[in-house]
Amino acid sequence: MSIEARDVSKHFGAFTALDHVNLHVPTGELVALLGPSGSGKTTLLRIIAGLESPDPGSGPILFHDEDVADRRVGERRVGFVFQHYALFRHMTVFENVAFGLRVRPRADRPSRSEISERVHALLKLVQLDWLADRYPSQLSGGQRQRVALARALAVEPKVLLLDEPFGALDARVRQELRRWLRRLHDEIHVTSVFVTHDQEEALEVADRVVVMNEGKIIQVGSPAEVFHDPASEFVMQFLGRVNVFSGRVEHGKAVFDSLEWDYPEHVERRARPAKLMVRPHNLVIHAKPSGKSCFPARVTHVNAAGPTVKVELVRESGEPVFVEVTRGRYAALDLHAGNVVYVSPRELRVFVEKEDDSSIEFNRPDARDNGEARPAREGSIRDWK
Amino acid sequence: MSTLAAGLPARTTRQVRLATREPILLRAGVAIVAIGFLMLFLIVPLVAIFVEALSSGLGVYLAALREPDARSAIRLTLLTAAIAVPLNMVFGVAAAWAVTRFDFRGKGILITLIDMPFAVSPVISGLIYVLLFGLHGWLGPWLKAQDIQIIFAVPGIVLATIFVTFPFVARELIPLMQSQGAEEEESALVLGASGWQTFLRVTLPNIKWALLYGVILCNARAMGEFGAVSVVSGHIRGLTNTVPLHVEILYNEYNFAAAFAVASILTLLALLTLVARSLVEWKSRRAVPKHATLPEGEP
């Protein structure tokens, strides 16, 4: 069952939660709506579920090419998992899961024994069969979330919607549960959409990531696509730590300070301000100056705990720089706080400021009127010499 | 005290204990003031009512309750409560539902209006109905033409009682429903339950103790209301006298033993209300089982 939302807008008073959003979720996929709080991701999910209605004038919500916009929430056959589980606190786990079957009209209500069978099968699926007689308050957060999932699956939903499903759990349980959700999805293959603000979660679990900001969809792609080929400065910054250098493009070159790289996308002579962005693992540390494309920096802190070594540095201008190096490289360089080293980017991305934008707009190139957010021009320089 | 002990390592534990406790004299003093106040203003009058009621013997006590006017007053009070309490229960649930589940213009005004009977003197509450339905009131002439009597009759008493008691249920429910949020109800709707099923199976079980609590308070007030009812009743013996009004009449006639005897019924009602209230509070605390301790790291 595919899901499609066409031209959906939603305002809460003066606040624009969704601004002409188009979303397509293919059958059987697990899609993440990723964005900071206030980006409209939960609103979009609730509109798909029918818990919220889109502004008048919005396009249809289609489930498998069938418009469900006028259908009541109970008739859409969706499974919805709330961030705080929303289990019925006065019912046992069993009763919670059975609820969706028990409230059916007599004609299509399964018999007592069928209900019992189905509920136990679902509880087995979420590995909680042994807790059937407990009350929600007697469960841990992870267990509650799995009960919520079993309850949502009991009505055999055509689509499964999850609102920040792991948001209220602690880090370890969270990791375990999201891998488990991925396995579960591979097993039952129901079209699923989950909302998250955690980029790691989205990249690890989803088939496809939809990045949202300020009520708009900024980029849609596989986890690898959005991570390695971000459509905008916002996506680049949101998907992980990044070093941002303010520079300019002119004459086919991208320039910051005394460093420059080829940038054939901009051949005009007139300079335009640009942001040069480098992920920490794409910065190389040298003990000595190497070529003209490196800058000196002083090491301020080294964190050697973990698979890579995280080095914090500061440039002469006072700007902080964050670099990740391999353990081998770290040993070879013999880095200590106070050392002066030379840093050069291995791969950087250039985001040129839009023609009509002020410098303030720089930080949020996606926030302007015409929908799809993108810097005026954008390019990537790899493996420069 | 603590300054003296400072610097003496041997007395560290003693010092810690003293630092968090007030001196015994102060503690005893506070307790005596509190208990004394309770005795003087609550316990003594309570005992006095029963002592006075039985002062002329059990026979006089029972006779006062069996007397036709007293019995009619008790009947009228029960009838009034039997009408006012269910109506206010329905109104209270509807108002709390509207206030906590929907966003609409004028919500603030509705909340303020719900509180109005608490803010207005009961006498005024009664006068409002006299102004509306009295012989010289706005609707008086029309009502007279239809031969409907409201003021100085049972309908007026019921109306005044409903007005005075309508905040109790809504006031109990609104904070609870606000804190519980709408997510459980939304879950039920997504799972295919109808609005009515959602109310019966999810909302009602979650609010039942608060609802019962509100109903108990509402009932106590409906049976005990004096001011508003006094204005609209007309004090017609055997017809429009409720129990509180009957007590006043007996008292004004210097029939103290009978007055206290009837008053003791209201007092018993108050005590029953307190017991029921404690029971409900105790029950509702137990309704939510304590968090079970789980093995570390159980996902």
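1. Description of the environment of His 286 of chain A
Residue and element names in this part refer to chain A. Considering the arrangement of structural elements, one finds His 286 in strand S15 (residues 283-286). Counting along the chain gives 57 residues from His 286 to Val 343, while the straight-line C-alpha distance between them is 6.1 Å. Beyond its immediate stretch of four places on either side in the chain, His 286 contacts Arg 329, Leu 333, Val 341, Tyr 342 and Ser 344. Side chain to side chain, His 286 and Ser 344 meet in a polar contact 2.8 Å long.

2. Here's the deal with the layout of surface pockets
All names here are of chain B. Approximately 550 Å³ is the volume found for the second largest pocket. For the second largest pocket, the lining is made up of 18 residues, of which Arg 101, Phe 102, Ala 182, Glu 186 and Leu 189 are closest to its centre. Broken down by secondary-structure element, the contributors of at least two residues to the lining of the second largest pocket are helix H5 (68-101), helix H11 (183-190) and helix H12 (195-224). The class makeup of the residues in the lining of the second largest pocket is six nonpolar, four polar and eight charged.

3. Observations concerning the sheet that holds strand S7 (residues 159-163) of chain A
All names here are of chain A. The six strands are arranged S6-S7-S8-S3-S9-S10 in an open sheet whose pairing can be described as mixed. For this open sheet the edge positions go to strand S6 (78-81) and strand S10 (216-221), each flanked by a neighbour on one side alone. Between one strand axis and the next, the sheet turns through 15° on average, direction left out of account. When strand S3 (residues 30-34) meets strand S9 (residues 208-213), the two strands line up parallel, connected through four bridges. Directly across from Val 31, in S9, lies its bridge partner Arg 208. Docked against the sheet, helix H4 (residues 141-154) engages S6 and S7, running at close to 165° with respect to S6.

4. A word on the nonpolar core
Note that soluble globular proteins tend to have their nonpolar side chains buried in a common cluster. All names here are of chain A. Judged by nonpolar contacts, the single largest core of 49 residues is most densely connected at Val 97, Leu 123 and Leu 149. Counting residues per element, this core draws most heavily on H4, at seven residues. Sequence-distant contacts of Leu 123, that is, excluding residues within four places in its chain, are made with Val 93, Val 97, Leu 128, Asp 129 and Ala 132. Counting residues in hydrophobic clusters, the runner-up holds 31 residues, among them Val 8, Val 21, Leu 161 and Met 212.

5. As for the pairing of strand S11 (residues 243-250) of chain A
All names here are of chain A. The two faces of S11 differ: Asn 243, Phe 245, Gly 247 and Val 249 on one face are buried, but Val 244, Ser 246, Arg 248 and Glu 250 on the other face are not. Two elements, S11 and strand S14 (residues 272-278), share seven bridges in a ladder whose sense is antiparallel. Within S14, the position partnered with Ser 246 by the bridge is Lys 275. Where S11 meets strand S12 (residues 253-256), three bridges bridge the pair, whose relative direction is antiparallel. Looking at the pairing, Glu 250 lines up with Lys 253 of S12. Linking S11 to S12, which pair antiparallel, is a turn of two residues; within it His 251 sits at a positive phi near 60°.

Reading guide: rules and limits
Residue positions are given per chain, counting from 1 as you read along its sequence in written order. By the order in which they are written, chains take letters starting at A while ligands take numbers starting at 1. Only residues with pLDDT of at least 70 are given local features in this predicted model, and only at 80 or more are side-chain atom pairs given and counted; all residues enter the totals for whole chains, interfaces and linings. Processing note: side-chain calculations cover all non-hydrogen atoms of the structure and skip hydrogens and water entirely. Only DSSP runs of H or I covering at least 4 residues are called helices, and only runs of E covering at least 2 are called strands; the numbering of each starts at the N terminus. Residues are treated as being in contact if the distance between any of their heavy atoms lies within 4.5 Å. A 3.5 Å cut-off defines polar contacts: any pair of N or O atoms within that distance qualifies, except that in protein one atom must be a possible hydrogen donor and the other a possible acceptor, and neighbouring residues in sequence count only when both atoms are side-chain atoms. We place a 1 Å grid over just the protein atoms. Points where a 1.4 Å probe fits but has no way out form a cavity, open points with protein on both sides within 12 Å along at least 5 of 7 lines form a pocket, and any residue with an atom within 4 Å of a point lines it. Grid points are joined across faces, edges and corners, and a volume is the space filled by probe spheres set on the points. Residues are grouped as follows: Ala, Val, Leu, Ile, Met, Phe, Trp, Tyr, Cys and Pro are nonpolar; Asp, Glu, Lys and Arg are charged; all remaining types, including Gly, are polar. Strand pairing requires that DSSP identify at least two bridges connecting the strands. Every angle, taken between N-to-C directions, lies between 0 and 180 degrees, and every axis is a line fitted to C-alpha atoms, over only the stretch in contact when it is a helix. Among buried residues, those of type Ala, Val, Leu, Ile, Met, Phe, Trp, Tyr and Cys that are joined through side-chain atoms within 4.5 Å constitute a nonpolar core. Only protein chains enter the accessibility calculation, which uses a 1.4 Å probe; a residue is then buried when its area is under 20% of its type maximum, exposed when over 50%, and partly exposed in between.

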